[in-house]
Amino acid sequence: MLIPHDTRIALDTVVDLMNTAPQGDRPDELADLEGLRAFVHAHKISDVGQLGADDLRAVREVREKFTAVFSAPEPRIAAPLINQLVAAAGTTPQLTDHDGYDLHVHYFAPGASVADHLGADCGMALAFIVVAGEQERLRRCEAPDCGRAFVDLSRNRSRRYCDSRTCGNRLHVAAYRARRKEAAG
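Residues numbered from 1 in each chain as written. Predicted model: local features only at pLDDT ≥ 70, side-chain atom pairs only at ≥ 80, totals over all residues. Heavy atoms only, no water.

- Naming follows an unreviewed UniProt entry, where the chain appears as CGNR zinc finger domain-containing protein of Streptomyces narbonensis.

Some thoughts on the side chain of Asp152
And step 1. As for its position among the elements, Asp152 is in the loop between strand 4 (149-151) and helix 6 (164-184).
And step 2. In this structure the side chain of Asp152 is engaged in a polar contact, spanning 2.8 Å, whose partner is the side chain of Arg139.
And step 3. At 3.2 Å, the side chain of Asp152 and the backbone nitrogen of Ser158 are in polar contact. (Helix = DSSP H or I, 4+ residues; strand = E, 2+ residues; numbered from the N terminus. Polar contact = N/O pair within 3.5 Å; in protein donor to acceptor, adjacent residues only side chain to side chain.)

Overview of the packing of helix 3 (residues 53-71) against helix 5 (residues 114-131)
And step 1. Running from amino to carboxyl end, helix 3 crosses helix 5 at an angle of 15°, the nearest separation of the two axes being 8 Å. One way to sum up the angle between helix 3 and helix 5 is to call them roughly parallel. Seen from above, helix 3 lies across helix 5 with right-handed handedness. When helix 3 is examined against helix 5, the residues Asp55, Ala58, Val59, Val62, Phe66, Val69 and Phe70 are found in contact with a partner set consisting of Val114, Ala115, Leu118, Gly119, Cys122, Gly123 and Leu126.
And step 2. By residue class, the composition of the contact of helix 3 with helix 5 is 11 nonpolar, 2 polar and 1 charged. (Axes fitted to C-alpha atoms, helices over the stretch in contact; angles between N-to-C directions. Parallel < 35°, antiparallel > 145°, perpendicular 65-115°, else oblique. Left-handed = near helix turned anticlockwise from the far one by under 90°. Contact = heavy atoms within 4.5 Å. Nonpolar A, V, L, I, M, F, W, Y, C, P; charged D, E, K, R; others polar.)

A closer look at the pattern of salt bridges
And step 1. Counted according to the given criterion, the structure contains 10 salt bridges.
And step 2. A salt bridge links Arg157 to Glu136; its shortest N-O distance comes to 2.7 Å. Placement of Arg157 in the loop between strand 4 and helix 6 and of Glu136 in the loop between helix 5 and strand 3 (138-140) is noted, with a sequence separation of 21 residues between them.
And step 3. Of the residues examined, Arg157 reaches a relative accessible area of 32% and is grouped as partly exposed. (Salt bridge = Lys/Arg side-chain N within 4 Å of Asp/Glu carboxyl O. Buried < 20%, exposed > 50% of the residue type's maximum accessible area, 1.4 Å probe, protein only.)

Considerations on the nonpolar core
And step 1. Membership of the largest hydrophobic core comes to 44 residues, with the highest contact counts inside it found for Leu17, Val59, Phe66, Phe70, Val114, Leu118 and Leu126.
And step 2. Put simply, the parts of the chain that give this core at least two residues each are helix 1 (5-18), helix 2 (33-42), helix 3, helix 4 (75-88), helix 5 and strand 4.
And step 3. It is helix 5 that provides the largest number of residues to this core, a total of 11 residues.
And step 4. The next biggest cluster of nonpolar side chains, apart from the first, holds 7 residues, and it includes Cys141, Ala143, Tyr161 and Cys162. (Core = buried A, V, L, I, M, F, W, Y, C linked by side-chain atoms within 4.5 Å.)

Thoughts on the side chain of Gln135
And step 1. As for its placement among the helices and strands, Gln135 is situated in the loop between helix 5 and strand 3.
And step 2. Each residue touching Gln135, except ones within four places of it in the same chain, is listed here: Val69, Ala72, Pro73, Glu74, Pro75, Ala78, Ile129 and Val130.

Things to note about unusual backbone geometry
And step 1. The phi dihedral of Lys44 falls on the positive side, at around 50°, and the residue is not glycine.
And step 2. Tracing the backbone shows Lys44 in the loop between helix 2 and helix 3.
And step 3. With a phi close to 55°, Arg157 is a non-glycine residue in the positive phi region.

Below is the structure:
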């Protein structure tokens, strides 16, 4: 599946935003404004102005809506969720080239809040995935103690873990040890 650079960045941002949510023993990485500032800085989200408590609340709401899209069992359920996200952001598509990237499309209005920025750009990236018939690529890690979000961009849509070096490796090693123990017993 060919995904343009800006769409890929937006998908990575969606995943990273969803993975800031508390899960198991992992704390909420957006528990306070400092966490939001760190997220905005790490993802080079530009033109968002001074961040405040309203921004934090709104970004958490957007995070919940993205989670609902990933949980949607089929495109007909995901589509209205994405439509709500994009409409709420008041999209204003515009071509731009910045930070050394060729022309690409931003969907947020100039001066938009960080929540609207995420809702518009990331919502459109999810829309492209759904329209392409690739919603099954929006996944959660199958490791029993993980559940982190990821986008499966493998050719055959076979990725099961958020990171094969950690979650996948841990489960493969555990299965190997269980087989060895059973064979020895």
